[in-house]
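Okay, here's what each chain looks like letter by letter:
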Amino acid sequence: ELPYERDAIRFVAILPAQNRFEAIEAALGANVFDQVRASLQARQTTVTLPRFKYGSESVRLDEPLKALGMTDAFDADRADFSGMTGRRELSITAVIHKAFVEVDEVQTEAAAATAVVTGGSSAPAPAMPITFDRPFLFLIFDEPTGQPLFLGRVVDPSGF
């Protein structure tokens, strides 16, 4: 787990044991993520991550939002965004989502977040290097709420 600026956003990388990637990925859920985070200990270490860059295609979210019950906002006769304009003339016609994550030698960038790696303690344990040279999972989440912001997988780290 690496903190971003002000510790509000965190980057977590999960490096499964050799040949365990599929099993860990299949089991990944909120409780597994909580267990992984609960087992973490602060240590000084050297982390080697491959450079990678992922961007999703644009995804339309109109129908999923309507299926979740957000129908009035899409209906021109029932939508009420008068708090924004003073008039009831607006409705949502489309919701489009696109994600971007880039990790390189200096920083992690995800929707304008920049990583600042910190480390050290009053009595550091010997540095244990961690090299992400096989398939791994990563998650960027909001620390105060625990909500995931990005979830991804790197299956072939040698390809970057």
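Some words on the overall build of the protein
Looking only at helices and strands, one finds 4 helices and 12 strands in the protein. Counting all 160 residues of the protein, 22% fall into the buried class. Within the protein, contacts between residues separated by at least 24 positions form 66% of all contacts whose residues are at least 6 apart in sequence. With an accessible surface of roughly 10,700 Å², the protein has 52% of that area assigned to carbon and sulfur atoms.

Points about the sheet that holds strand β12 (residues 148-154)
Ordered in space as β1-β2-β11-β12, the 4 strands form an open sheet in which the pairing is antiparallel. Across the chains shown, the open sheet's two edge strands, defined by having one partner strand only, are β1 (2-3) and β12. As defined by bridge partners, strand β2 (residues 9-14) adjoins strand β11 (residues 136-142) across 6 bridges and the pair is classed as antiparallel. Along β11, the bridge assignment pairs A13 with F138.

Description of the pairing of β12
Where β11 and β12 come together, 6 bridges link them in antiparallel fashion. Within the sheet, the bridge partner assigned to L139 lies in β12 and is L151. In this antiparallel pair of consecutive strands, β11 and β12, the connection spans 5 residues, and G146 shows a positive phi of 75°.

Some thoughts on the nonpolar core
The nonpolar side chains of soluble globular proteins are, as a tendency, buried together. Of all hydrophobic cores here, the largest spans 13 residues; its most connected members are F11, F52, V101, F136, F138 and I140. Contributing elements (two or more residues each) for this core: β2, β7 (100-103), β11 and β12. Considering each element in turn, this core owes the most residues, 3 residues, to β11. Counting residues in hydrophobic clusters, the runner-up holds 7 residues, among them V12, I14, L139 and F141.

Regarding the confidence of the model for the protein
One rule of thumb: low pLDDT means the predicted coordinates there are not for detailed reading. On average, residues of the protein score 75 in pLDDT, and 82% of them are at 70 or above. When mean pLDDT is taken per element in the protein, helix α1 (residues 21-27) scores highest with 87 and strand β9 (residues 113-114) scores lowest with 27. Taken together, the stretch residues 111-125 has pLDDT below 50 and engages in 20 contacts with residues farther than four places along the chain or on a different chain.

Things to note about the pattern of salt bridges
Counted according to the given criterion, the structure contains 6 salt bridges. The partner of R10 in a salt bridge is E1, and the shortest N-O contact between them spans 2.7 Å. Overall, the relative accessible area of 16% leaves R10 in the buried class. Note that D72 is salt-bridged to R78, the shortest N-O span being 2.9 Å.

Thoughts on the packing of aromatic side chains
Under the counting rule described, the total for this entry stands at 2 aromatic pairs. On the basis of an interplanar angle of 15° and a centroid distance of 6.0 Å, the ring pair of F11 and F138 is categorised as stacked. Residue F11 is located in strand β2, and its partner F138 is located in strand β11; the two are separated by 127 residues in the primary sequence. Classification of F138 as buried rests on a relative accessible area of 3%. Judged by centre distance (5.0 Å) and plane angle (70°), the rings of F132 and F136 are edge-to-face. Accessibility assignment for this pair places F132 and F136 in one class, buried.

Definitions and cut-offs
- Residues numbered from 1 in each chain as written.
- Predicted model: local features only at pLDDT ≥ 70, side-chain atom pairs only at ≥ 80, totals over all residues.
- Heavy atoms only, no water.
- Helix = DSSP H or I, 4+ residues; strand = E, 2+ residues; numbered from the N terminus.
- Buried < 20%, exposed > 50% of the residue type's maximum accessible area, 1.4 Å probe, protein only.
- Contact = heavy atoms within 4.5 Å.
- Areas by Shrake-Rupley, 256 points an atom, 1.4 Å probe, with all protein chains shown as cover.
- Pairing = 2+ DSSP bridges.
- Core = buried A, V, L, I, M, F, W, Y, C linked by side-chain atoms within 4.5 Å.
- pLDDT = per-residue confidence, 0-100.
- Salt bridge = Lys/Arg side-chain N within 4 Å of Asp/Glu carboxyl O.
- Phe/Tyr/Trp six-rings, centres within 6.5 Å; stacked < 30°, edge-to-face > 60°.

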